[in-house]
Amino acid sequence: MSSVQYLLESRPHSVAHLFLSRVEATPDREAYRHPVAADHGAPGAEEWRSLTWAQTAERVKAIAAGLLSLGLRPEERVAISSSTRMEWILADLGVMCAGTAATAVYPSTNAEETAYILADSGSRAIFVENAAQLAKVTAHTERLPGLDHAILFDPETATDTDTVTETDTPRVKGLEVLTLAELEERGTAYLREHPDAIDTTVRAIERDQLATLIYTSGTTGRPKGVRLVHDCWSYQAVAQEVSGLLLPDDVQFLWLPLSHVFGNALIAGQVRTGSVIAVDGRVDRIVTNLPVVRPTVMASAPRIFEKVYNGIAARARAEGGAKYKIFQWAAKVARDYARTGQEQSVATGRRKVPLSLTVQHAVADKLVYGKIRAAFGGELRGSASGSAALAPDIGYFFAGAGVPVLEGYGLTETSAAVTVNPAGDFRVGTVGRPLPGTEVRIAEDGEILLKGPGVMRGYHNLPEKTAEVLESDGWFHTGDIGEVDKDGFVRITDRKKDLFKTSGGKYIAPTEIESRFKAVCPYVSNILVIGNGRNYCTALITLDESAIMPWAAAREPVDRSYAEVASSPEVHALIEGFVRSVNGDLQRWQTIKKFSVLPRDLDVEHGELTPSLKVKRPVVERAYAEVIETMYEGAREA
């Protein structure tokens, strides 16, 4: 048996076991960093504060014991509705160490859907970030007879009937409302009477005991509760370690939503390796935080890298002249350098690059790439990317600039990653190799099937839906179309349900066309290719406001709104040029014949994006049905 097999097969039953072992092994080592208000300085100033593993354990055990003091039993659900912050992690680890199960609720979820999730999961308690999250719960308490307790992270926030303070725990519409500090006080008192309660509870946790319910944000229909057991997270933790995704000395910057499966998996891996997490979920602080945190690893969504690239390109274009020409040259060198190295690696096993290109790359590094790496903190050895495909040209650019984007692949139903690109042998355009212990095979129709310890145990209360995707022998149907190359790298070509057929009988993979457009157009934010049952393809396009507005102001320096700029003839002509560029490399039936630039970007608030920033195609197509029909008026067979 290999060492990897041994580590996987001897993995502990749960992350709770891993956590207690980690605390015992490295109690004084730094575990977490999080921003707090500075003791001195200007109003609003912040500083980063650290927690050791021992300090983290003190709070986690108090929270776990507090939940036990409320009468919660193994596998009973405790929801968490909050943005990404230190308290989310403490609460989640507390839920695990209490043997209960977490129900993850996106803070952007509306009151109606929050009530549905809480009712369907049967949650008995909920951690809420503030009054706004509490209000969504109290709006529908009549539908939640089993929900008895709410625990506030921010005690100074007011409810509609009471102000919750550290010493006042009112009942709001049938809920006992506690502050987090009060729950910890109860837990501390409980531990004085039952000092071995947490150790005893953790020892009793079984592998197949429910650990987490994560509701798929889904692009259609009601969300489904994915049942992830303790063994799913324990497997993720060990697989990340043996694959080298996380190393003990890593500093990880975590801003991803912890209500998403990706964030949960990263915490599991961090507990196993004992690395450091700097946590701050404020997206508007990412650029500010990176040089301060100086992470060695960071997980992200492709949209962030697209925005970063668009911002770099827009600034270079605004500077004009020689600086813009240098950027264009350096960007091409980065892509050529990374692409050539990868091609040589595939062919010979070595990333060998011609001397002339190596020299150009060294010059470009001094002029351009070093500044890009500095913006990421200067220490980043790799950034894991998931949830959607990254345009290959953008992937090659960052790889050539020394900021490799390591694409991976996974679903909520697989407790996040099942494949990942290794830092030392990554291939742009693929999602890497399977994690140790996970099997991948391609069905006759091209669908990717997965099997392994990370696969869910089914959808909560939905046996029929479970049977549709999970075979009796454990193979899970992903709904994604893909292929596996001779070296074991997996490539995703499209979503099975997103493939459409034109009225002429031609199959179209829209994400392929969309990815190509994003690679050539530095102003795009989102693009949806339309054409199911139609005689040609069209597109709905939204623009990145931070990139297009400076471009527009440089040409017509008048005060115009984004909507006015988006509808202007000059912007239409600009985007038309990029459409023509993409069409030149497509088959005739794939080309975009017409497009519309929408008056605003897609967003989560309007229900057009999932919280993980995936486009909900049916929602967008319904919202802009008239715009779409206009593009097909008077259409002839193409």
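Worth saying up front: this structure is predicted, and the values here are computed from it rather than measured.

### Concerning a nonpolar patch on the surface
Then step 1. Taken together, the side chains of Ile326, Trp329, Leu355, Val359, Val363 and Leu367 make up a nonpolar region of the molecular surface, amounting to roughly 520 Å² of accessible area.
Then step 2. Residue assignment for the nonpolar patch shows that the elements contributing at least two residues are α13 (321-348) and α14 (355-375).
Then step 3. The element that contributes the greatest number of residues to the nonpolar patch is α14, accounting for 4 residues.
Then step 4. Along the chain, Val359 turns up in helix α14.
Then step 5. Judged by its relative accessible area of 46%, Val359 is partly exposed.

### A word on the packing of aromatic side chains
Then step 1. The tally for this structure, following the rule as stated, stands at 12 aromatic pairs.
Then step 2. Across the ring face of Tyr396, the terminal group of Arg339 is positioned such that the distance to the ring centre comes to 4.4 Å.
Then step 3. The ring of Trp475 has Arg441 lying over it, and the distance from NZ or CZ to the ring centre is 4.5 Å.

### Notes on the pairing of strand β20 (residues 476-484)
Then step 1. For strand β19 (residues 447-451) and β20, the ladder comprises 3 bridges, and the chain directions are antiparallel. Note that in β20 the partner of Leu450 across the bridge is Phe476.
Then step 2. Sheet topology note: the β20/strand β21 (residues 490-495) ladder contains 5 bridges and is antiparallel. Its bridge partner being in β21, Asp480 is matched across the sheet by Arg495.
Then step 3. Connecting the antiparallel pair β20 and β21 is a turn made up of 5 residues, with Gly488 showing a positive phi of about 90°.

### With respect to the environment of Pro392
Then step 1. Relative to the helices and strands, Pro392 resides in helix α15 (residues 392-400).
Then step 2. With relative accessibility at 33%, the residue Pro392 sits in the partly exposed group.
Then step 3. Once the C-alpha coordinates of Pro392 and Thr296 are considered, the two residues, 96 residues apart in sequence, prove to be 23 Å apart.

### Things to note about the nonpolar core
Then step 1. Of all hydrophobic cores here, the largest spans 119 residues; its most connected members are Phe19, Tyr32, Phe127, Trp233 and Phe398.
Then step 2. Considering every element that reaches this core, the biggest residue donor is helix α4 (residues 86-97), with 9 residues.
Then step 3. When sequence neighbours within four positions are dropped, the list of residues in contact with Trp233 reads Val15, Met96, Ala211, Thr212, Ile214, Leu228, Val261, Asn264, Ala265, Ala268 and Ser415.

### A look at helix α6 (residues 131-138)
In an α-helix, one turn spans 3.6 residues; hence positions three or four apart end up facing the same way.
Then step 1. Of all 8 residues in α6, 6 are buried, a share of seventy percent or more.
Then step 2. Along α6, the residues classified as buried are Ala131, Gln133, Leu134, Lys136, Val137 and Thr138.
Then step 3. Measuring from the backbone nitrogen of Ala132 back to the side-chain oxygen at the start of α6 gives 3.2 Å, which picks out Asn130 as the cap.

### Quick word on unusual backbone geometry
Then step 1. Phi is positive for Glu75, close to 75°, though the residue is something other than glycine.
Then step 2. Tracing the backbone through its elements, the reader meets Glu75 in the loop between α3 (53-69) and β3 (77-81).
Then step 3. For Arg294, which is not a glycine, the phi torsion comes out positive at approximately 50°.
Then step 4. In this fold, Arg294 is placed in the loop between α11 (286-293) and β13 (297-300).

### Here's the deal with the environment of Val261
Then step 1. Looking at the element boundaries, Val261 is found in helix α10 (residues 261-273).
Then step 2. Accessibility expressed as a relative area gives 3% for Val261, which makes it buried.
Then step 3. Through-space distance from the C-alpha of Val261 to that of Ala104 is 9.0 Å; in sequence the pair is 157 residues apart.
Then step 4. When neighbours within four sequence positions are excluded, Val261 is seen to be in contact with Ile214, Leu228, Trp233, Leu411, Thr412, Ser415 and Ala416.

### Concerning the pattern of salt bridges
Then step 1. For the structure on display, the rule yields 40 salt bridges.
Then step 2. For Asp487, the salt bridge is made with Arg427, and the minimal N-O distance between the two is 2.9 Å. With Asp487 in the loop between β20 and β21 and Arg427 in the loop between β16 (416-420) and β17 (433-434), this pair connects stretches of sequence that are 60 residues apart.
Then step 3. On the basis of relative accessible area, Asp487 is assigned to the partly exposed category, the value being 27%.
Then step 4. Note on Arg427: relative accessible area 7%, which makes it buried.
Then step 5. Between Arg580 and Glu576 there is a salt bridge whose closest N-O contact spans 3.9 Å. Pair noted here: Arg580 and Glu576 are both in helix α20 (residues 569-583), with a separation of 4 residues, about one helical turn.
Then step 6. Salt bridges sharing common partners tie together Glu46, Asp280, Arg282 and Arg285.

### Examining the sheet that holds β13
To summarise the sheet geometry, strands pair through backbone hydrogen bonds and adopt either a parallel or an antiparallel arrangement.
Then step 1. Within the open sheet, the 9 strands sit side by side as β2-β1-β12-β11-β13-β14-β15-β16-β17. Their pairing is mixed. Two strands bound the open sheet, and with one partner strand each, they are β2 (46-52) and β17.
Then step 2. By the bridge criterion, 2 bridges tie strand β11 (residues 251-254) to β13 in an arrangement that is parallel. By the bridge assignment for β13, Phe253 is matched with Met298.

Rules of the game
Within each chain, residues carry numbers counting from 1 in the order of the written sequence. Owing to the predicted nature of the model, reporting of local features is limited to residues with pLDDT of at least 70; listing and counting of side-chain atom pairs is limited to 80 or more, with chain, interface and lining totals taken over all residues. Hydrogens and waters are ignored; side-chain quantities use all the structure's heavy atoms. Patches were defined on residues exceeding 30% relative accessible area and lacking a salt bridge, with like-charge contacts within 9 Å and nonpolar side-chain contacts (Val, Leu, Ile, Met, Phe, Trp, Tyr) within 5 Å. Residue-level accessible areas treat just the shown protein chains as cover; the underlying method is Shrake-Rupley with a 1.4 Å probe. Whenever Lys or Arg places a side-chain nitrogen within 4 Å of a carboxyl oxygen from Asp or Glu, that contact is recorded as a salt bridge. A helix here means a DSSP run of H or I that spans at least four residues, while a strand means a run of E at least two residues long, and both kinds are numbered starting from the N terminus. Exposed residues in this analysis have more than 50% of their type's maximum accessible area, buried residues have under 20%, and partly exposed residues fall in between, with area computed by a 1.4 Å probe over protein chains only. Aromatic rings from Phe, Tyr and Trp, with only the six-membered ring used for Trp, were paired whenever their centres fell within 6.5 Å, and each pair was classed as stacked if the ring planes differed by under 30 degrees, edge-to-face if by over 60, and tilted otherwise. By definition, being over a ring means that NZ of Lys or CZ of Arg is both within 6 Å of the ring centre and within 35 degrees of the ring normal. When DSSP finds at least two bridges between two strands, those strands are taken to pair. Residues enter a nonpolar core if they are buried and are Ala, Val, Leu, Ile, Met, Phe, Trp, Tyr or Cys, with the set joined through side-chain atoms within 4.5 Å. Whether two residues are in contact is decided by their heavy atoms: any pair within 4.5 Å suffices. Each polar contact in these results corresponds to two N or O atoms within 3.5 Å; when the atoms are within protein, one needs to be able to donate a hydrogen and the other to accept it, and residues that are neighboring in sequence are counted only if both atoms are side-chain atoms.

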